[in-house]
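As a plain string of letters, each chain reads:
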Amino acid sequence: MPESIKQDFRQFILKLQDQICDKLEEVDGEAQFQEDLWEREGGGGGITRVMERGGVFEKGGVSTSEVYGELPEPIRERFDVEQGWFYATGLSLVIHPKSPMIPTVHANFRYFELFDKEGGTRVDAWFGGGADLTPYYLWDEDAVHFHKVFKDTCDRFDEELYSQFKEKCDTYFFNTHRGESRGVGGIFFDYLREQPDRTISFWLDMVKSLSISFLPAYIPIVDRRRNESYNEKQRYFQEIRRGRYVEFNLIHDRGTLFGLKTGGRTESILMSLPPRTRWDYNYQIKEGSKEDYTIQILKNPKRWV
């Protein structure tokens, strides 16, 4: 396994962070990202960039990290190892638009290495990540566009990958306690390891291509919906649905739990949470309404492309 994989991917995501932040600032037209450099006790650190109170985006975070060190006990149990050291680097982003007509979006692309001991032999390495869309008011064409961009990218490498990644996304981003998906899905993958017919360089090229596909998948949807009118009732519904987003992140999301359990920076890990949300007791929506249409899709994930 080429040692350069780690450095290659690390440099790639740093450049991608700049590109994504520049484009989001251009689209927003008002707010700019504020950069926060941080160090992790135990090894490594990261670059967190956050945009708030913009013209289009109410809150957005685009972060890169490079962390390493001894595996904490909960993570050792998960990997079923008695001891171990790790290295992880990746890019993570969440964008919460102000308008309920524009969907929230999340993406994450990461690389992980596992060692038998400090300074020891690498015993495992893999890529993970994905991207998913969370609309409040759903236009089918937006979901189709988002999925099609990532399907076209996957198809350049293997025409069977998209359906696998889409199914994993639908399964993973699911609030089991609510019986509904977090959004309309996208792609999700993990543990993409060296295989007899798939080198780690193959996965590196694919994950890079999927990462580059984020802006073409999301920005056209923002441009299409940014001038849609909305009222306070629709804004209220957005905040109710944001509550479901928070529930998933704090109860089910493995990335959030990994970051918190490995001594990651709490502010950076929780940048994914929306700025305004609400939990009304037994909140109900009108059957047959636009709000109900979104909910029914979330309860019954569909094939978009």
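Here, the structure is the one placed above.
### Focus on unusual backbone geometry
Even without being glycine, R53 reaches a positive phi, approximately 55 degrees. Looking at the secondary structure, you find R53 in the loop between β2 (44-52) and β3 (57-70). Phi is positive for Y191, close to 55 degrees, though the residue is something other than glycine. Inspection of the secondary structure puts Y191 in strand β9 (residues 185-192).

### What about the side chain of R49?
Mapped onto the elements, R49 comes out in strand β2. Taking the relative accessible area as the measure of exposure, R49 reaches 14% and is therefore buried. At 2.8 Å, the side chain of R49 and the side chain of D18 are in polar contact. Setting aside anything within four residues of it in sequence, one finds R49 in contact with Q17, D18, C21, F33, Q34, E35, G60, G61, V62 and S63.

### A short note on the side chain of T89
Its place among the elements puts T89 in strand β4 (residues 85-97). From its side chain, T89 meets the backbone oxygen of S65 in a polar contact 2.8 Å long. In this structure T89 touches F9, R10, I13, S65, E66, F109, R110 and Y111, once residues within four positions along its chain are discounted.

### Observations concerning the packing of helix α3 (residues 140-155) against helix α4 (residues 161-172)
What describes two packed helices is the angle between their axes and the distance between those same axes. Between α3 and α4, whose axes approach to 8 Å, the crossing angle comes to 135 degrees. Considered as vectors, α3 and α4 are oriented oblique to each other. Within the contact between the two elements, α3 uses H147, F150, K151, C154 and D155 and α4 uses L161, Y162, F165 and K166. Its residues assigned to classes, the contact of α3 with α4 comprises 5 nonpolar, 1 polar and 3 charged.

### Some details on helix α5 (residues 200-212)
The end-to-end C-alpha separation of α5 is 18 Å, in line with the 18 Å expected for 13 residues at 1.5 Å each. Every buried residue of α5 is listed here: I200, W203, L204, M206, V207, K208, S209, L210 and S211.

### Quick notes on the pairing of β4
Among the 13 residues in β4, 12 count as buried, and that is most of the element. In this structure, β3 lies alongside β4, joined through 13 bridges in antiparallel fashion. Paired with G69 across the strands is F86, a residue of β4. Here β4 runs beside strand β5 (residues 104-115); their pairing, made up of 11 bridges, is antiparallel. Residue pairing across strands places T89 opposite Y111, the latter belonging to β5. Counting the residues between successive antiparallel strands, the hairpin from β4 to β5 contains 6 residues.

How each quantity is defined
- Residues numbered from 1 in each chain as written.
- Predicted model: local features only at pLDDT ≥ 70, side-chain atom pairs only at ≥ 80, totals over all residues.
- Heavy atoms only, no water.
- Helix = DSSP H or I, 4+ residues; strand = E, 2+ residues; numbered from the N terminus.
- Buried < 20%, exposed > 50% of the residue type's maximum accessible area, 1.4 Å probe, protein only.
- Polar contact = N/O pair within 3.5 Å; in protein donor to acceptor, adjacent residues only side chain to side chain.
- Contact = heavy atoms within 4.5 Å.
- Axes fitted to C-alpha atoms, helices over the stretch in contact; angles between N-to-C directions.
- Parallel < 35°, antiparallel > 145°, perpendicular 65-115°, else oblique.
- Nonpolar A, V, L, I, M, F, W, Y, C, P; charged D, E, K, R; others polar.
- Expected span 1.5 Å × (residues − 1).
- Pairing = 2+ DSSP bridges.

By themselves, these are just geometric observations and shouldn't be taken as functional.
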